[in-house]
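Residue-level listing of the chains:
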Amino acid sequence: DLGLEPDKATFIIILKACCTTSNLEQGKAIHSHIIRSGCNLDDVMTTTLIHMYCNCGSIEDARKVFDDSPKQDIVTWNAMIAGYTQQNKGHDALDCFSQMQREGLSPDVVTYICIVNACGSIGAIDKGEQIHKDIVNRGFQENDIVLGTALVDMYAKCGVLAKAEKVFNKLPSRNVVTWSALITGYTQQGQGYMALNCF
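Residues numbered from 1 in each chain as written. Predicted model: local features only at pLDDT ≥ 70, side-chain atom pairs only at ≥ 80, totals over all residues. Heavy atoms only, no water.

So, the overall build of the protein chain
- Regarding its fold elements, the protein chain presents 12 helices and zero strands.
- Starting at the N terminus, the α and β elements of the protein chain follow one another as α-α-α-α-α-α-α-α-α-α-α-α.
- C-alpha atoms of the protein chain, sized along the principal axes, occupy 65 × 35 × 25 Å.
- A total of 199 residues make up the protein chain; the buried ones form 42% of that total.
- Summarising the internal contacts of the protein chain: among those between residues at least 6 apart in sequence, 58% fall at separations of at least 24.
- Positive and negative side-chain charges of the protein chain, numbering 17 and 22 respectively, have mean locations separated by a distance of 6 Å. (Helix = DSSP H or I, 4+ residues; strand = E, 2+ residues; numbered from the N terminus. Buried < 20%, exposed > 50% of the residue type's maximum accessible area, 1.4 Å probe, protein only. Contact = heavy atoms within 4.5 Å. Lys, Arg positive; Asp, Glu negative; His and termini not counted. Charge placed at Lys NZ, Arg CZ, Asp CG, Glu CD.)

Structure representation (structure tokens):
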């Protein structure tokens, strides 16, 4: 022990290490240390704490950090929505998304990727189609392969393969994840020939 107090950058690095090791106990200890040290809980620190708690499986602690944050911007909202989606709490993710919009924040590409994944995970096709219309109206789909892939995956998981194909065919480029989403959709719907043809 050299008697040196960690700074914000050090805390963030250590919290990210807790994320990768899913060490909730250590993460909570560091969070307590951050509070005791008087370190400023700005949006970067808040988002890092939310990610840490979500990755360690404690969505309740993540939500407490979020709720206690003096300023909730699009980055912290995205972290919370992503956390709910990651923890298979798609309905909570959708509630969070609605709350964010009620508070006057506009979704960005990251928000849409997270919420489209949430819709796919719970089969919320009606909500997913509504969100897809918003994405198209805002011109986000054309240039973002990750968002396009999320849409293909959502439609495939919901069994709406015609729409999955339509989104797939409009993408300016495709990667192995995009192809896999469509192939998986065909397989899950018992369309083995189409899956093999796509492969």
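A look at the packing of aromatic side chains
- As enumerated under the stated definition, the model contains three aromatic pairs in all.
- Summarising the aromatic geometry, the rings of Phe66 and Trp77 are spaced 4.7 Å apart at their centres and angled 75° between planes, so their arrangement reads as edge-to-face. Pair noted here: Phe66 is in helix 4 (residues 59-68) and Trp77 is in helix 5 (residues 74-86), with a separation of 11 residues, a long-range link. When sorted by exposure, Phe66 lands in the same class as Trp77, which is buried.
- Pairing Phe168 with Trp179 gives two aromatic rings, centres 4.7 Å apart and planes at 75°, and the pair type is edge-to-face. With Phe168 in helix 10 (residues 161-170) and Trp179 in helix 11 (residues 176-188), this pair connects stretches of sequence that are 11 residues apart. (Phe/Tyr/Trp six-rings, centres within 6.5 Å; stacked < 30°, edge-to-face > 60°.)

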